Amino acid sequence: MTITARPTWTTSASRPDHPDAVLLLREYMTEMVVRYHRRPALPGEVDAALAELPSDDLAAPSGLLLLAHHGTDLAGCAGLRWQLGWAELTRVFIRSEHRGAGGGAALLAAVEEYARGAGADRIRLDTRHDLVEARALYARHGYAEIPAYSRGPYAEHWFEKRLP
C-alpha cells in the first residue's frame, strides 16, 4: 500500500509588486469582475478595476500581503491593511484548482497571527453579497457579521473577529 503525502500550505509575506503577487492579484480581480458582471471580463475591465482598487498599500508600513503555496504551487493570497488598533482583511483568494484543500483556513490563520503580532485586537472586512463562499469561510472561522463600518460600491456585508 502506497500512501501519498498531501501537500502542505505555507504562507510568506510579499511586496504587492513582486511578479507572483502581481499575477495572483490580477487573477483575484479578474474573478471579482467576472462574478460581479456575470459575464467574461471585457478588454481593459480588469486593468480598470485594479486601478480603482489598488493593492500597493499592502506593504509596510500601511499593510501586508501574504502569498500562499500549496506544496510548491503558487495558490493564493490575502492582505491586511493596518488601522489604529485593528486590521482590515482584503484580497483573500485561492486559485480554483486549490480550493477545498484548506487554503482559506491557512490564509486566515496566518493573517490572524500577523495581526496579533502587530498589536491588532480584531480583524474586520467587507465583502459582496455574491461571494457566498467567502462569507461562509469567514463565518466558519469565527468572523461575525457586524454593522457597516465602511462605504464602497462593493461593500454589502461586514465581518469582524476579535483576536485573543
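Residues numbered from 1 in each chain as written. Predicted model: local features only at pLDDT ≥ 70, side-chain atom pairs only at ≥ 80, totals over all residues. Heavy atoms only, no water.

Caption draft 1: Examining the packing of aromatic side chains more closely. Evaluated as defined, the whole model comprises 5 aromatic pairs. Summarising the aromatic geometry, the rings of Tyr 28 and Phe 93 are spaced 6.3 Å apart at their centres and angled 80° between planes, so their arrangement reads as edge-to-face. Residue Tyr 28 is located in helix H1 (residues 19-37), and its partner Phe 93 is located in strand S4 (residues 87-94); the two are separated by 65 residues in the primary sequence. The buried category is assigned to Tyr 28, whose relative accessible area is 12%. Ring geometry for Trp 86 against Tyr 149: centres 5.6 Å apart, planes inclined by 90°, an arrangement best described as edge-to-face. (Phe/Tyr/Trp six-rings, centres within 6.5 Å; stacked < 30°, edge-to-face > 60°. Helix = DSSP H or I, 4+ residues; strand = E, 2+ residues; numbered from the N terminus. Buried < 20%, exposed > 50% of the residue type's maximum accessible area, 1.4 Å probe, protein only.)

Caption draft 2: Looking closely at the environment of Val 111. In this fold, Val 111 is placed in helix H3 (residues 103-117). Residue Val 111 is classed as buried on the basis of its relative accessible area, which comes to 1%. Along the sequence, Val 111 and Gly 79 sit 32 residues apart, while their C-alpha atoms lie 7.6 Å from each other. Every residue in contact with Val 111, bar those within four places of it in the chain, is listed here: Leu 66, Ala 78, Leu 80, Leu 89 and Ile 123. (Contact = heavy atoms within 4.5 Å.)

Caption draft 3: Examining H3 more closely. Taking 1.5 Å of rise per residue, 15 residues should cover 21 Å, and H3 covers 21 Å from first to last C-alpha, within 8% of that figure. Just downstream of H3 lies Gly 119, where phi reads positive at about 90°. (Expected span 1.5 Å × (residues − 1).)

Caption draft 4: Region of interest: unusual backbone geometry. Pro 61 follows Ala 60 through a cis peptide bond whose omega is 5°. With respect to the helices and strands, Pro 61 occurs in the loop between helix H2 (45-52) and strand S2 (63-70). Of note, the phi angle at Arg 38 is positive, near 55°, even though the residue is not glycine. Summarising the element assignment, Arg 38 is placed in the loop between H1 and H2. Even without being glycine, Arg 91 reaches a positive phi, approximately 60°. Locating Arg 91 in the fold gives a position in strand S4.

Caption draft 5: The arrangement of the UniProt feature "domain: N-acetyltransferase" (unreviewed entry) in the protein in detail. Following the UniProt record, the feature "domain: N-acetyltransferase" (unreviewed entry) maps to residues 20-164 here. Taken end to end, residues 20-164 is 34% helix and 28% strand, and its first and last C-alpha atoms sit 32 Å apart. (UniProt positions renumbered as here; feature names shortened; annotations may be inferred.)

Caption draft 6: Highlighting the packing of H1 against H2. The N-to-C vectors of H1 and H2 enclose an angle of 110°; their axes lie 9 Å apart at closest approach. On the basis of the axis angle, H1 is roughly perpendicular to H2. For the pair formed by H1 and H2, the contact residues are Leu 25, Arg 26, Met 29, Thr 30, Val 33 and His 37 on the first element and Glu 45, Val 46, Asp 47, Ala 49 and Leu 50 on the second. Across the contact of H1 with H2, the residue classes break down as 6 nonpolar, 2 polar and 3 charged. (Axes fitted to C-alpha atoms, helices over the stretch in contact; angles between N-to-C directions. Parallel < 35°, antiparallel > 145°, perpendicular 65-115°, else oblique. Nonpolar A, V, L, I, M, F, W, Y, C, P; charged D, E, K, R; others polar.)

Caption draft 7: Spatial organisation of the nonpolar core. In this structure, Leu 80, Leu 89, Val 111, Ala 115, Ile 123, Tyr 138 and Tyr 143 are the most contacted members of the largest nonpolar core, which totals 23 residues. Residue assignment for this core shows that the elements contributing at least two residues are S2, strand S3 (73-82), S4, H3, strand S5 (122-127) and helix H4 (132-140). Sorting elements by how many residues they give to this core places H3 first, with 5 residues. In contact with Tyr 138, other than residues within four places in its own chain, are Leu 89, Val 92, Leu 108, Leu 125, Tyr 143 and Phe 159. Core analysis: the next-biggest nonpolar cluster, separate from the first, contains 16 residues, Met 29, Met 32, Val 33 and Leu 74 among them. (Core = buried A, V, L, I, M, F, W, Y, C linked by side-chain atoms within 4.5 Å.)

Caption draft 8: Inspection of the sheet that holds strand S1 (residues 9-14) at higher detail. Within the open sheet, the 7 strands sit side by side as S1-S2-S3-S4-S5-S7-S6. Their pairing is mixed. Strands at the two margins of the open sheet, each flanked by one partner only, are S1 and strand S6 (144-145). Bridge analysis of S4 against S5 gives 2 bridges, and the strand direction is parallel. Bridged to Glu 88 within S5 is Arg 124. (Pairing = 2+ DSSP bridges.)

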